[in-house]
Amino acid sequence: MADPARARKLAVRIRQIVSAAIESQIKDPRLGMVTVTDARVTSDLREATVFYTVYGDETQIADSAKALTSATGVLRSTVGRQTGIKFVPSLTFVADIVPDTARELEEALERARHADAELARAREGASYAGEADPYRRPAEDEDDDEHDVDAPADRGPADDGGEDLTPRTRSTL
């Protein structure tokens, strides 16, 4: 197992090398506007996954995927020459779905903003069906200073109005 910091550094270097090589070395006409977004290397430094996005429609994305798959050998040898490591990791290209997910989230947020604005317009001029505060409040006693001896708060647990279940001895007079 390699050091995780070394794997991260190698992943960054692979991302740089692959993106430069795609721009300068790969002349495949199927290759669209490809952007390398990330690269990850396994902890044993044997496999590297390169994430990319393509600007365009579904056919351009599919054509770019085929072009990257066919150029994997050239890109791997370029990575080996420029990194100088003993074993060059195998490259796997994966279309990055983060931009699509971000776009979907932005659309959902926009729909929520429109719904909130519509609700705010509906609330203008609206009034409550009942009182503004529907909760009952306890009545305020003005004679709080004088407590009644028979008040429920002053009674013990046996004086709750129910049956007393504690055994008592009766005295007969």
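The coordinates are above.
Quantities reported herein were computed from a predicted structural model and do not represent experimental measurements.

Draft legend 1. Looking closely at the side chain of serine 64. Looking at the secondary structure, you find serine 64 in helix α2 (residues 58-70). In this view, serine 64 contacts Arg30, Leu31, Gly32, Val34 and Val54; residues no more than four positions away in its chain are not counted.

Draft legend 2. How the structure looks around helix α3 (residues 72-83). With 12 residues, α3 should cover 16 Å at 1.5 Å per step; its first-to-last C-alpha distance of 16 Å lies within 8% of that length. Those residues of α3 hidden inside the fold are in contact with α1 (4-24), α2 and β3 (90-95). Two residues or fewer past α3, glycine 84 is found with a positive phi of approximately 75°.

Draft legend 3. Just the sheet that holds strand β1 (residues 33-41), in detail. Read across the sheet, 3 strands follow the order β1-β2-β3 without closing on themselves; strand pairing throughout is mixed. The sheet is open, and its two borders are formed by β1 and β3, each paired with just one other strand. Across this sheet, the average inter-strand angle for adjacent strands is 30°, counted without regard to direction. Sheet topology note: the β1/strand β2 (residues 47-55) ladder contains 8 bridges and is antiparallel. Bridge assignment links valine 41 to a residue of β2, and that residue is alanine 48.

What counts as what
- Residues numbered from 1 in each chain as written.
- Predicted model: local features only at pLDDT ≥ 70, side-chain atom pairs only at ≥ 80, totals over all residues.
- Heavy atoms only, no water.
- Helix = DSSP H or I, 4+ residues; strand = E, 2+ residues; numbered from the N terminus.
- Contact = heavy atoms within 4.5 Å.
- Expected span 1.5 Å × (residues − 1).
- Pairing = 2+ DSSP bridges.
- Axes fitted to C-alpha atoms, helices over the stretch in contact; angles between N-to-C directions.

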